[in-house]
Amino acid sequence: MQSDSQLPRSSKPIPLWRQFRFSLILFFVFLAVVPLGVVSFINISQQIEQAQNRVKEQLESIVELKTNQIALWLNQGVLALDIILSNSRFEQLIVTSVTAPRVMSDEQKDTLTTDIRSFVQSNPYFEQFTVYTLDGVIVLGSSPTDIGKLVTLQPYFQPSLAQREYTQPPFYDISTSQLTIIVTKQVHNSGGQVVAILAGKINLSVLGDIMTERTGLSDSGETYLVSRQNNYLLTPSRFAGYALQRAYRTEAINLGLQGRTGEGIYDNYQIPPQPVIGVYRWIPELEAALIAEVNQAEVLAGSRAAQVNNGLIALIVALTAAAGGLIYANRLSSPITQLTHSADQFSRGNLRERTHVSSRNEIGQLAQSFNSMATQVELRILETQAALERAERADYADKVKSAFLASMSHELRTPLNAVINFTRFVVDGDTGPVNEEQVELLSEVVKSATHLLNLINDVLDMSKIEAGALVLFVEENVDLTALLKSVMSTARSLIGGKPITLETEIASDLPRIRADRQRILQVLINIISNACKFTAKGTVKIIAKTVNNEVFISISDTGSGIEADDQHLVFLPFRQTKAGLRQGGGTGLGMPIAKNLIDSHNGRLWLESTLGQGTTFYISLPIKNEKLEPALS
Amino acid sequence: MPETSQPVVLYVEDDPQSRRLMSMLLTGRMHLKQVTIFEDSEDFQAKVEKIDPKPDIIFLDIHVNPLNGFEMLQVLRQLDWLKDTPVIALTASVMNEEIHRLRGAGFSGCLSKPLDLSTFPDTFQRIIDGETVWRIV
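Residues numbered from 1 in each chain as written. Chains lettered and ligands numbered in written order. Predicted model: local features only at pLDDT ≥ 70, side-chain atom pairs only at ≥ 80, totals over all residues. Heavy atoms only, no water.

Caption draft 1: Region of interest: the packing of aromatic side chains. Under the criterion given, the structure shown has 22 aromatic pairs over all chains. Their ring planes at 20° and their centres at 5.2 Å tell us that Trp606(A) and Tyr618(A) sit as a pair that is stacked. Taken as a pair, Trp606(A) in strand S15 (residues 604-610) and Tyr618(A) in strand S16 (residues 614-622) lie far apart in primary sequence, 12 residues in all. Residue classification places Tyr618(A) among the buried residues on the basis of a relative accessible area of 14%. Seen in terms of ring centroids, Phe59(B) and Phe120(B) are 6.0 Å apart; in terms of plane orientation they differ by 40°. Their pairing is tilted. Of this pair, Phe59(B) sits in strand S3 (residues 57-61) while Phe120(B) sits in helix H5 (residues 120-128); the two residues are 61 residues apart in sequence, bridging distant segments of the chain. On the basis of relative accessible area, Phe120(B) is assigned to the buried category, the value being 3%. Put simply, the rings of Trp73(A), Tyr125(A), Phe126(A) and Phe129(A) touch in pairs and so form one group of aromatic residues. The ring of Phe571(A) is capped by Lys595(A), whose NZ or CZ atom sits 5.8 Å from the centre of that ring. The ring of Phe70(B) has Arg101(B) lying over it, and the distance from NZ or CZ to the ring centre is 4.3 Å. (Phe/Tyr/Trp six-rings, centres within 6.5 Å; stacked < 30°, edge-to-face > 60°. Helix = DSSP H or I, 4+ residues; strand = E, 2+ residues; numbered from the N terminus. Buried < 20%, exposed > 50% of the residue type's maximum accessible area, 1.4 Å probe, protein only. Lys NZ or Arg CZ within 6 Å of the ring centre and 35° of its normal.)

Take a look at the structure:
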């Protein structure tokens, strides 16, 4: 029944990216990682900001500290000069050496020089001391070569005359090619008049020490001073290769040297520049910018670790979510896979296949529905198969029956051929003279045998009709006029010597139709036979014409007619009208067969009759009979 | 009826009663002189090609051995000189299916058994005149 080519294809494997589990895993991972990512981002941003703020605060406090240290350091310088001059003998010696140098003994001069040198040695704060007159001539000095030189062009000279104490901010000393800070103090004589200036050149290495002292600073941190003088570094860079006497410009240096105090994240002076977090402050005493910086990379190192941690957490969460998704997807998809497998099996014809999904969710419900559907389908298929087998058996039985009927027809007709025709030869005198009684008796033999033949034909036809096995031999262009001629010649022989006029009214334009010629003839002969049989005298009339799309044939007689109550019996098999029974010789099958044959032609057969006046049979056949399929041409 | 214009008849029939009947009809009643009757299709097969004179009408029984009526028709239809000769089936098998087969196979007509003696001569002449007759009653 089902050919192999119609076998349903089994479900193909679905590519991974379309699989349910894949999208579920993706969904889980997305659901887990996205909020985590957002939280991590916010968290890390906050951490970075906090770290930066912390560093800035730290740098600010360092800058504050260093500023104080610088102030203290500068103050120390002044104090140191005070201490020097508090030695009245020393002060007296200075005054004397300025006001009356010739009065001084050599011993006194030596003592003075020795003292000044010892000051320098004992006080690391100063590099050098000089004493110069109000005219700007150096009269004493820790370095003997300085004596006699003029300081009138030095920037501190005028301020030192005007102020008791003066600190000269860093300036570029052309003679030494160095930035130099000078502290001056006026020397008074006993009368309180200024007679000389004591000047100390501050040892900048101390300042350098202050700046390179990195307590509180992280690994990459540094503090340094940049002088307004040419943007030179006042204290050395902690990094190698950055000379003091070179101009440096960064955001912090520029802003600091403009006298501002602030903070920022910017590129420092290094080559290549490093992004740093810095704090800068203007130190007016030094006319320099104090800058504290920490490399940003180091600041962010802490939060980078947090970032890595967060990434790891995200990865772990994603893997967990993926695993969860996989497990969940498997829980969902394995019953679906099982169901698909069962459906495949079922559609391959394994009708016993049932799925064993035990989930209590909707899939379980689906599985149950599938099973009950499978049961229904199996039942239906089994029923259909059984019905088909029954039909096949019935079909076979019909074939056997048909073959039997065909064979019986042949086997009965062959001996009847002999019976009827040998008898007729005798009756007709072909074999010698016969007397009247013999003729009469032998004619009865012929008549009975012919009746038997008709009976056989009718019974065969009827059994075929009842089995639905009657097949029309449909031809195109059946000539009804020719058929009717044949019918009339039969009628004439049936009328014999009876006083009956045979009238015909056959239209000349009668169309050729699609029909079974033999069967139409059979119907017409049957009707005309009845007409002749039941009419003693009068007229038998055949009319044939075209009405609308139909061929219309009527055969009327002036015979005994049929009682109204009997008219419906005419077309019922094995039933005969009272007149028919009286007349005898009929099978009661002729008209039912005729009706069936006309019905098979999609036509109509009916009658009108009045008892005692006659009967008219009507046949109408469609001209265009599309539903009738012609056999071979 | 002059002998020269009398039709030549060929008949194949294995049933002796049917043969006798046709013989009585054709030679007895219709006074035909040139009637050849083969008792079976083997005989027919052996002699058909040398039939002389040429038949004007051929009657074939259908239920014959070893060749049935259809097969004999095939043999006849292959003979060029007989292609215009009407070949009539004479059969007791008048079930519709059988008649369909006869028409489909190319018989020129059919007469059913039992034969109608009273109409036979007229039918015979009509067939000779080239009419197609399917008389099944």
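Here the narrative resumes.
Caption draft 2: Focus on the packing of helix H1 (residues 20-86) of chain A against helix H5 (residues 204-212) of chain A. Residue and element names in this part refer to chain A. Interhelical geometry of H1 versus H5 gives an angle of 160° and a closest axis separation of 10 Å. As summarised for this structure, H1 and H5 are arranged roughly antiparallel, according to the angle between their axes. For the pair H1 and H5, the crossing hand works out as right-handed. Mapping the contact onto sequence places Lys66, Gln69, Ile70 and Trp73 in H1 and Leu204, Val206, Leu207, Ile210 and Met211 in H5. (Axes fitted to C-alpha atoms, helices over the stretch in contact; angles between N-to-C directions. Parallel < 35°, antiparallel > 145°, perpendicular 65-115°, else oblique. Left-handed = near helix turned anticlockwise from the far one by under 90°. Contact = heavy atoms within 4.5 Å.)

Caption draft 3: View of the interface of chain A and chain B. Chain A puts 31 residues into the contact, and the matching count from chain B is 28 residues. Both faces combined, the contact of chain A with chain B buries some 2600 Å², and carbon together with sulfur accounts for 59% of it. For chain A, the biggest contributors to the area lost against chain B are Arg413(A), Phe425(A) and Gln518(A); these three give 23% of the whole. In this structure, Arg29(B) and Asp428(A) form a salt bridge, with 2.7 Å as the shortest nitrogen-oxygen distance. Where chain A meets chain B, there are six residue pairs in polar contact (both at pLDDT 80 or more). At the level of secondary structure, the elements contributing two or more residues to the side of chain A that touches chain B comprise helix H8 (362-427), helix H9 (436-467) and helix H11 (517-534) of chain A. Counting residues per element, the side of chain A that touches chain B draws most heavily on H8(A), which supplies 14 residues. Considering only residue class, the side of chain A that touches chain B consists of 14 nonpolar, eight polar and nine charged. (Buried area = accessible area lost by both parts, 1.4 Å probe. Salt bridge = Lys/Arg side-chain N within 4 Å of Asp/Glu carboxyl O. Polar contact = N/O pair within 3.5 Å; in protein donor to acceptor, adjacent residues only side chain to side chain. Nonpolar A, V, L, I, M, F, W, Y, C, P; charged D, E, K, R; others polar.)

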